[in-house]
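Notes for the structure review
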Amino acid sequence: MTTGSRWARRPVRPLVAVWLAAAGGLGLLLLLAGGAQGPLDDRDQAWQRPGFLDAGDLPAPAPDVAPGVPTRGRPAVVFFERPGRVAALCRALERAPMPGGAAAAVVVAGRPPARCGAATVVGDAGGALAAAYGLRRPRDGGSPAGYAVVDGHGAIRYRTLDPGVAGRLGEVATMVAALP
Amino acid sequence: MRTAGTRPAVRICLWCAAAVLAEIALFASYRGHDARFHWFTHFFVGSSLALVGMAAVATRRRRPVPAPLVWPFLAHVGAMFPDLLFSGGVAHRRWMDVFLGHISTHYVPGRNLTWFVVFLASLGAYLTVVARDPGQLRR
């Protein structure tokens, strides 16, 4: 039976073309997005900058990066950076102090700078501290560039690779502000 | 010379252009999160849900849904709403899964590739419903 509805007259070929265009176009974009990841990015993007506390096996006890750091009763942000990139992070930290009274520490995978704003600076050439904090290896397999947020009870509540953190300290402030 | 099919074709093109521009705007809104990953997840999840809903409505009404590009866009906005909040300085919380699984959808096996397949299946389902002869639907 034929009805007068628009549905009955709809040819199939344009609909197949729509599906193929969506599959090809979005598939290509997905491939391009995957190829645009940098060497310091996480291989699994789901774990990079997830934006919420206690992802995966967190919270976990935060090891000391220096005597008394992190300090009980005060949140802290522990940054992990490579020697050749740490100057940009230090400049950013000098311009923008940590929010919420949080302490800052910078763990450098090599020789640390003499000073880095108000942050405690620590060398970690062997990567032991980065491993103790559970930071993931970036795509290039080298030391991680990212940070961990530690609450006032000494627990790691957030950690992520973030090679662009020097330009995104506002996002770090968002995660510190999210601490209970 | 203008043919009978020109005007609907122009209208469809304008809808498509508007939808693409709107999605580009959503992609560009990702200052706080990484658009390369998050935009795709929430687009695929939101659009898939919209397409399944569209298929159900089209089956019931026996005709294609009106404004078919608006449904996926609105569902995408719903799915990514916590990311708009994040750009404003509000961290994610677990309860934000109410926004079409905003948190947990990132952690399915296969990640965005899985959601891409789900999206293509949903689009195929809607297009199949649209292409069906209404006489068959009555049986």
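Residues numbered from 1 in each chain as written. Chains lettered and ligands numbered in written order. Predicted model: local features only at pLDDT ≥ 70, side-chain atom pairs only at ≥ 80, totals over all residues.

1. A closer look at the overall build of chain B
When you go through chain B residue by residue, the secondary structure sums to five helices and zero strands. The 139 residues of chain B split such that 35% are buried. Across chain B, every contact between residues at least 6 apart in sequence was considered, and the portion connecting residues at least 24 apart equals 68%. (Helix = DSSP H or I, 4+ residues; strand = E, 2+ residues; numbered from the N terminus. Buried ≥ 20, exposed ≤ 12 C-beta atoms within 10 Å, placed from the backbone. Contact = placed C-beta atoms within 7 Å.)

2. Looking at the overall build of chain A
Scanning chain A from N- to C-terminus turns up five helices and six strands. Secondary structure elements of chain A occur, N-terminal to C-terminal, as α-α-β-β-α-β-β-α-β-β-α. Taken over the C-alpha trace, chain A has a radius of gyration of 23 Å; the compact-globule value for 180 residues is 16 Å, which it surpasses by more than 25%. For chain A, the spread of C-alpha atoms along the three principal axes comes to 85 × 35 × 30 Å. Residues classed as buried in chain A amount to 36% of the 180 residues present. Within chain A, residue pairs in contact and separated by at least 24 positions form 63% of the contacts whose partners lie at least 6 positions apart. (Rg over C-alpha atoms; globule rule 2.2 N^0.38 Å.)

3. Observations regarding unusual backbone geometry
With an omega dihedral of 5°, the bond running from L58(A) to P59(A) counts as a cis peptide bond. Mapped onto the fold, P59(A) is located in the loop between α2 (12-35) and β1 (60-61). For the peptide bond that leads from V69(A) to P70(A), omega is 0°, which places it in the cis range. Summarising the element assignment, P70(A) is placed in the loop between β1 and β2 (76-81). Phi at R62(B) is positive, roughly 60°, even though this residue is not glycine. With respect to the helices and strands, R62(B) occurs in the loop between α2 (35-61) and α3 (70-87).

4. Let's talk about the packing of α2(B) against α3(B)
Residues and elements named next belong to chain B. At their nearest, the axes of α2 and α3 sit 7 Å apart, and the two run at 140° to each other. When the axis of α2 is compared with that of α3, the two are oblique. The crossing of α2 and α3 is right-handed. Packed against α2, whose contacting residues are H38, H42, F43, V45, G46, S47, L49, A50, L51, G53 and M54, the element α3 presents W71, P72, A75, H76, G78, A79, M80 and D83 at the interface. The residue inventory of the contact of α2 with α3, partitioned by class, reads eleven nonpolar, seven polar and one charged. (Axes fitted to C-alpha atoms, helices over the stretch in contact; angles between N-to-C directions. Parallel < 35°, antiparallel > 145°, perpendicular 65-115°, else oblique. Left-handed = near helix turned anticlockwise from the far one by under 90°. Nonpolar A, V, L, I, M, F, W, Y, C, P; charged D, E, K, R; others polar.)

5. A few points about the packing of α2(B) against helix α4 (residues 111-131) of chain B
All names here are of chain B. Packing of α2 against α4 brings their axes to within 8 Å, and their N-to-C directions diverge by 25°. It follows that α2 is roughly parallel to α4 by the angle criterion. In terms of crossing hand, the pair formed by α2 and α4 is left-handed. Considering only residue class, the contact of α2 with α4 consists of 18 nonpolar, six polar and no charged.

6. Looking at the sheet that holds β2(A)
Residue and element names in this part refer to chain A. Pairing within the open sheet is mixed, and its six strands lie in the order β1-β6-β5-β2-β3-β4. Across the chains shown, the open sheet's two edge strands, defined by having one partner strand only, are β1 and β4 (120-123). Sheet topology note: the β2/strand β3 (residues 103-108) ladder contains six bridges and is parallel. In the strand pairing of β3, E81 is matched with V108. Across the face of the sheet, helix α3 (residues 86-95) comes into contact with β2 and β3 while running at roughly 170° to β3. Running over the sheet, helix α5 (residues 169-177) touches β2, β5 (146-150) and β6 (155-161) and is turned about 25° from β5. (Pairing = 2+ DSSP bridges.)

7. Overview of the environment of A18(B)
All names here are of chain B. Considering the arrangement of structural elements, one finds A18 in helix α1 (residues 6-28). A tally of 13 C-beta atoms within 10 Å means that A18 is categorised as partly exposed. Considered as a pair, A18 and V70 are 52 residues apart in the sequence and their alpha carbons are 9.7 Å apart.

8. Quick look at the environment of A35(B)
All names here are of chain B. Summarising the element assignment, A35 is placed in helix α2. Sequence separation of A35 and D83 is 48 residues, and the distance between their C-alpha atoms is 9.9 Å. With sequence-adjacent residues up to four places away left out, A35 is seen in contact with F27 and Y30.

9. Observations regarding the nonpolar core
Burial of nonpolar side chains together is a common tendency in soluble globular proteins. Core analysis: the biggest nonpolar cluster contains 43 residues, and V77(A), V78(A), F79(A), A105(A), V106(A) and V107(A) have the highest contact counts within it. If you list the elements that add at least two residues to this core, you get β2, α3, β3, α4 (128-132), β5, β6 and α5 of chain A. (Core = buried A, V, L, I, M, F, W, Y, C linked by C-beta atoms within 7 Å.)

10. Here's the deal with the confidence of the model for chain B
Residues with a pLDDT of 70 or more make up 88% of chain B, whose mean pLDDT is 88. We note a pTM of 0.88 for the whole complex and an ipTM of 0.87 for its interfaces. (pLDDT = per-residue confidence, 0-100.)

11. Focus on α5(A)
Residues spaced three or four apart along an α-helix face the same direction, because each turn holds 3.6 residues. All of the buried residues in α5(A) are L169(A), E171(A), V172(A), T174(A), M175(A) and V176(A). Buried residues belonging to α5(A) abut β2, α3, β5 and β6 of chain A together with α3 of chain B.

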